[in-house]
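Survey of secondary and tertiary structure
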Amino acid sequence: MRKTIAIANQKGGIGKSTTAAAIGQALASQGKKILFVDMDAQANLTYTLGAEPINGSMIDVLMRKASAAEILTQTRSGDLLPAALTLAGADMNLTETGKEYRLREALEPIADQYDHIIIDTPPALGMLTVNALTAADTVVIPAKADIYSLQGVKQLYGTICAVRRYCNKDLKIEGILLTAYNPRAVLNREIADAFKLTAESMETKLFSTFIREGIAVRESQIQQISLFEYAPKSNPAIDYLSLIDEMAKEE
């Protein structure tokens, strides 16, 4: 059964695009057919996958100037609906009734071609993130083990509740994922306990898999090569594969 996963957190710099790429690439390495959707104007996911918006970007799809099939780009890790800087104007340009459903409607004609759809979102709680949550079955919330990330998760939860109420009543929070984790740091362990309590209050969980720090992530992004091809034995690669196993057990 196809599953659409949004990767969301309003705070930047917490490994959101890295997690979107890694989850999709890990699933692709297991033979799954993946569609990546880049909803962030910074286009980090698009760059990481080695793509460019040659035939248009997600803003063209959201504005109904092009179909998803028309801008579809093939990458080594799966198909991609790319982003471009013009996405930054989405909140101002998407004003019509039903604007929250633009992404869901755009994906419908092609969704059945894929096993998983992975949606990367911007570090903001605007219309792009709302569209992603409306189109998704589940949401994974990456966060670093610091107090600002914890605040960001709580704010995101308010948006998730609103989306459930008005746009997507079946949206499930898959879990909170700690990234760039250092198990030797006492503060990280203490903050992890706080995240666990927050997850319980959101009726979800803190993933037992923590993504450890590793230079291989940045190196693979520079090379525009899948982490699992570039450094399959690195700590982050091992951890992301463990995350996929943990997510599969919950299905």
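Quick summary incoming for the structure in this document. Here the structure is a predicted model, which is why all the values come from computation and not from measurement.

Cut-off values and rules
Residues numbered from 1 in each chain as written. Predicted model: local features only at pLDDT ≥ 70, side-chain atom pairs only at ≥ 80, totals over all residues. Heavy atoms only, no water. Buried < 20%, exposed > 50% of the residue type's maximum accessible area, 1.4 Å probe, protein only. Helix = DSSP H or I, 4+ residues; strand = E, 2+ residues; numbered from the N terminus. Pairing = 2+ DSSP bridges. Axes fitted to C-alpha atoms, helices over the stretch in contact; angles between N-to-C directions. Parallel < 35°, antiparallel > 145°, perpendicular 65-115°, else oblique. Contact = heavy atoms within 4.5 Å. Nonpolar A, V, L, I, M, F, W, Y, C, P; charged D, E, K, R; others polar. 1 Å grid on protein atoms, 1.4 Å probe; cavity = no way out; pocket = protein on both sides within 12 Å on 5 of 7 lines; lining within 4 Å. Points joined across faces, edges and corners; volume = space filled by probe spheres on them. Left-handed = near helix turned anticlockwise from the far one by under 90°.

**What to know about the pairing of strand β2 (residues 34-38)**
Most of β2 sits out of view: five of its five residues are buried. What you see with β2 is no split at all: Ile34, Phe36 and Asp38 on one side and Leu35 and Val37 on the other are buried throughout. Of the strand pairs in this sheet, β2 and strand β5 (residues 116-120) are connected by five bridges, and their pairing is parallel. Within β5, the position partnered with valine 37 by the bridge is isoleucine 119. Both β2 and strand β4 (residues 79-81) contribute to a ladder of three bridges, which runs parallel. Of the residues in β4, the one forming a bridge with phenylalanine 36 is leucine 80.

**Some thoughts on the packing of helix α1 (residues 16-29) against helix α12 (residues 235-250)**
In the contact formed by α1 and α12, the axes pass within 9 Å of each other and the chain directions differ by 75°. Taken as axis vectors, α1 and α12 run roughly perpendicular relative to one another. Here α1 contributes Thr18, Thr19, Ala22, Ile23, Ala26, Leu27 and Ser29 to the contact with α12, which in turn contributes Tyr240, Leu241, Leu243, Ile244 and Met247. Partitioning the contact of α1 with α12 into residue classes produces nine nonpolar, three polar and no charged.

**Description of the pairing of strand β6 (residues 138-144)**
Of all seven residues making up β6, six are buried, and the element is well covered by its neighbours. Where strand β1 (residues 3-7) meets β6, three bridges bridge the pair, whose relative direction is parallel. For isoleucine 7, the partnering residue across the bridge sits in β6 and is valine 140. By the bridge criterion, seven bridges tie β6 to strand β7 (residues 172-179) in an arrangement that is parallel.

**Regarding empty space enclosed by the protein**
What the rule picks out here adds up to two cavities of 30 Å³ or more. Size it by volume and the largest cavity reaches roughly 80 Å³. What lines the largest cavity is Thr18, Ala21, Ala22, Gln25, Thr48, Val217, Ser220, Gln221, Ile225 and Leu227. Among the secondary structure elements, those contributing two or more residues to the lining of the largest cavity are α1 and α10 (215-223). At four residues, α1 tops the list of elements feeding residues into the lining of the largest cavity. When the residues that make up the lining of the largest cavity are grouped by side-chain class, the tally is five nonpolar, five polar and no charged. In this model, the second largest cavity occupies a volume close to 60 Å³. Grouping the amino acids of the lining of the second largest cavity by side-chain chemistry returns two nonpolar, six polar and two charged.

**A closer look at the packing of helix α7 (residues 127-135) against helix α8 (residues 147-166)**
Axis separation between α7 and α8 bottoms out at 10 Å; the angle between their running directions is 55°. As judged from the angle between their axes, α7 and α8 are oblique. Between α7 and α8 the crossing geometry is right-handed. Here Val130, Leu133 and Thr134 of α7 lie close against α8, whose contacting residues are Thr159, Ile160 and Val163. Looking at the contact of α7 with α8 residue by residue, the classes come out as four nonpolar, two polar and no charged.

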